[in-house]
Amino acid sequence: MLGLEYFKFADVWSPVFLAVMLLITAGYLVLTGPLNEKFGQGKPVSAGKKVLFVLGMGVLYMAQGGPVELLGHMMFSFHMISMALSYLVAPPLLMLGLPEWIWRGVSSFLGKGPLRRLKFLTHPVVAAVVFNGLFSFYHLPVVHDYVMLHFGIHRLYYIVLFIAAVLMWWTLVKPLPAHGDAQGLKKMGFIFLNMVLLTPACGLIIFAPETLYATYSDPVVWSKAMGYCIPGDTSMLLDRFGGPEFFGYLEPRIDQQVGGILMKFIQEIIFASMLAYVFFQWYRQENREEEDEQLPDDLKLNQI
């Protein structure tokens, strides 16, 4: 399916990465289960939180170690699906799945050392600019092709981008309510800001008159980039398949446009849904406050 049948099980499913993700998930279940009374002051972690965390780990694995990762090295559209799952879907699921006592421990640890000087990165506007800036910078053709060919930088950049995504989601998810400053209209403005900031990068990709990335159009560059997913000499891919067009269901430029559209569409769906949710929460809060203000006058009228 989509060319996955031509690759080994280890190439498609990344067993080492899968083992790491399973170990982290098992550690989480132990901490929030048998050890929760010791560290969580007896407050149980709901089944819903556990489901969200496990789901987030599953999404992250599929995007960074499963079939989507391999397909993302052959088709740009799948690359963008991988990016959306990694930074727009997985982070909020994982953050919502962690109990408050874990977040307090992390916050306390980061607040004591030199990292406390980076607290400004949690400011909503700064976090939005940093994440969307890093994402847009990565998708400049020369930067993207360089990162895809240098695997150490590739891993480092993806880790930094994931941390930036967590900081961006911090204001929206509010894992520690006391630290969430944005409310109502401010939070809606922050959501809208994120929707706008990603538009230029997606527009560049969608409306480009030609293919931008050698990773998906130059067979030699593609075969080298595939070394991130496949161990050993990847030059044999050229003899066997000729290039990435063997797997593409669309010509490279159309595939590139589809990738940009998918990224923007997924982002719009997620943030538009959150925008609607925050608006109705804010609207209900405003009405409740107005009713509370009117209540004393009503009582006075009833007493006359």
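Residues numbered from 1 in each chain as written. Predicted model: local features only at pLDDT ≥ 70, side-chain atom pairs only at ≥ 80, totals over all residues. Heavy atoms only, no water.

Caption draft 1: Highlighting empty space enclosed by the protein. Counting across every chain of the model gives 2 cavities of 30 Å³ or more. Surrounding the largest cavity, Glu69, Gly72, His73, His79, Ser82, Met83, Met148, His154, Tyr158 and Tyr216 form its lining. For the lining of the largest cavity, the secondary structure elements donating two or more residues are helix H6 (76-97) and helix H10 (151-173). Sorting elements by how many residues they give to the lining of the largest cavity places H6 first, with 3 residues. Class assignment of the residues belonging to the lining of the largest cavity gives a composition of 4 nonpolar, 5 polar and 1 charged. Estimates place the volume of the second largest cavity at around 50 Å³. As for the second largest cavity, its lining consists of Phe76, Thr211, Tyr213, Tyr216, Ser217, Pro252, Asp255 and Gln256. Counting residues per element, the lining of the second largest cavity draws most heavily on helix H15 (residues 252-303), which supplies 3 residues. (1 Å grid on protein atoms, 1.4 Å probe; cavity = no way out; pocket = protein on both sides within 12 Å on 5 of 7 lines; lining within 4 Å. Points joined across faces, edges and corners; volume = space filled by probe spheres on them. Helix = DSSP H or I, 4+ residues; strand = E, 2+ residues; numbered from the N terminus. Nonpolar A, V, L, I, M, F, W, Y, C, P; charged D, E, K, R; others polar.)

Caption draft 2: A look at the side chain of His144. Checked against the element boundaries, His144 lands in helix H9 (residues 141-149). With a relative accessible area of 0%, His144 lands in the buried category. Setting aside chain neighbours within four positions, we find His144 in contact with His79, Tyr138, His139, Tyr213, Thr215 and Tyr216. (Buried < 20%, exposed > 50% of the residue type's maximum accessible area, 1.4 Å probe, protein only. Contact = heavy atoms within 4.5 Å.)

Caption draft 3: Spatial organisation of the packing of H6 against H10. Two numbers describe how H6 lies on H10: the axes approach to 9 Å, and their chain directions differ by 50°. Here H6 is positioned oblique relative to H10, judged by the angle of their axes. In the packing of H6 onto H10, the handedness of the crossing is right-handed. On H10, the residues touching His79, Met83, Ser86, Tyr87, Leu88, Pro91, Pro92, Leu94, Met95 and Leu96 of H6 are Tyr158, Leu161, Phe162, Ala165, Val166, Met168, Trp169, Trp170 and Val173. Of the residues contributing to the contact of H6 with H10, the split by class is 17 nonpolar, 2 polar and no charged. (Axes fitted to C-alpha atoms, helices over the stretch in contact; angles between N-to-C directions. Parallel < 35°, antiparallel > 145°, perpendicular 65-115°, else oblique. Left-handed = near helix turned anticlockwise from the far one by under 90°.)

Caption draft 4: Inspection of the pattern of salt bridges at higher detail. Tallying each qualifying case throughout the model produces 2 salt bridges. In this structure, the salt-bridge partner of Glu100 is Arg104, at a minimum N-O distance of 2.6 Å. Of this pair, Glu100 and Arg104 both sit in helix H7 (residues 100-112), 4 residues apart, which is roughly one turn of the helix. On the accessibility criterion, Glu100 (33% relative accessible area) is partly exposed. Assessed through its relative accessible area of 40%, Arg104 is described here as partly exposed. The closest approach of N and O atoms between Lys264 and Glu268, which form a salt bridge, is 3.0 Å. Taken together, the residues span about one helical turn, with Lys264 and Glu268 both in helix H15 at a distance of 4 residues. (Salt bridge = Lys/Arg side-chain N within 4 Å of Asp/Glu carboxyl O.)

Caption draft 5: Spatial organisation of the nonpolar core. Counting 56 residues, the largest nonpolar core has Met83, Phe131, Trp169, Met263 and Phe271 as the members making the most contacts within it. In this structure Met263 touches Met80, Met83, Ala84, Leu88, Phe135, Leu198 and Cys202, once residues within four positions along its chain are discounted. Formed by 16 residues, the second largest nonpolar core is a distinct cluster that contains Trp222, Met226, Tyr228 and Ile230. (Core = buried A, V, L, I, M, F, W, Y, C linked by side-chain atoms within 4.5 Å.)

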